[in-house]
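# Survey of secondary and tertiary structure
This is what each chain is made of:
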Amino acid sequence: MAGNMPRVKGAIGERDVARLFVAAMELVEDKLKLAPDDTRRCSLRVKRSSGMAANNGGDDLVGIPLISVEVKRSETLDLKNWSEQTQRQAREAGGLMPVLIYRQSRKPWRVQTYATLRGIVDLWKKHNLQAWIENWVWVDLALDDWLRWYACLYEAWLKEGK
């Protein structure tokens, strides 16, 4: 059983993070008064990737617009390799924004991703990893803070009619 423990912790972490995304996205969808059956409600599609997709270098979570998500739950942090993996996955997913979400036991979730003080809407319209890299810096922040930022991006995306 000990050999399966890292995988179990990873799956639990992915489910926890998926629930946080769904909650943040639902707040935006309710604010915009989207009907429960509105096909734009992406919160209904958020889920963990199938084992094979994630094992083959795909995102850990799917159904979250605009971003490529990698979730890590480990006692030993390997942020350099994890961020490289996350950026590679985002590039392979068509230039989505790379988002690394990680934590150690008994510590809060953290996020590493690109951020800028420039207008987020103009940059996501480019939908191109190179645009993220050229205009943004790689940052580390609390997941709660990042989810508030993502809610603004998600709202703008929905209003744009995506």
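We now examine the pattern of salt bridges. All told, the structure shown has 12 salt bridges when counted by the stated rule. Note that Glu-14 is salt-bridged to Arg-48, the shortest N-O span being 2.7 Å. Here the residue Glu-14 occupies a position in helix α1 (residues 5-31), and Arg-48 occupies one in strand β1 (residues 47-48), the gap between them amounting to 34 residues. Judged by relative accessible area, which is 10%, Glu-14 ranks as buried. Since its relative accessible area comes to 33%, Arg-48 is described here as partly exposed. As a salt-bridge pair, Asp-30 and Arg-41 come within 2.8 Å of each other at their nearest N and O atoms. Of the two residues, Asp-30 sits in helix α1 while Arg-41 sits in the loop between α1 and β1, which places them 11 residues apart along the sequence. A relative accessible area of 46% means that Asp-30 is categorised as partly exposed. You can call Arg-41 buried: its relative accessible area is 8%.

Next up on the list: the packing of aromatic side chains. The geometry of two aromatic rings is summed up by the distance between their centres and the angle between their planes. Scanning the entire structure with this criterion turns up 8 aromatic pairs. On the basis of an interplanar angle of 15 degrees and a centroid distance of 5.5 Å, the ring pair of Trp-146 and Tyr-150 is categorised as stacked. In this pair, Trp-146 and Tyr-150 are both assigned in helix α6 (residues 143-159), 4 residues apart and thus about one turn of the helix distant. For the pair formed by Trp-146 and Tyr-150, the shared burial category is buried. By the ring-pair criterion, three or more aromatic residues cluster together here, those being Phe-21, Trp-146, Trp-149, Tyr-150, Tyr-154 and Trp-157.

What counts and how
- Residues numbered from 1 in each chain as written.
- Predicted model: local features only at pLDDT ≥ 70, side-chain atom pairs only at ≥ 80, totals over all residues.
- Heavy atoms only, no water.
- Salt bridge = Lys/Arg side-chain N within 4 Å of Asp/Glu carboxyl O.
- Helix = DSSP H or I, 4+ residues; strand = E, 2+ residues; numbered from the N terminus.
- Buried < 20%, exposed > 50% of the residue type's maximum accessible area, 1.4 Å probe, protein only.
- Phe/Tyr/Trp six-rings, centres within 6.5 Å; stacked < 30°, edge-to-face > 60°.

Everything listed here is a matter of geometry and, on its own, says nothing about what the molecule does.
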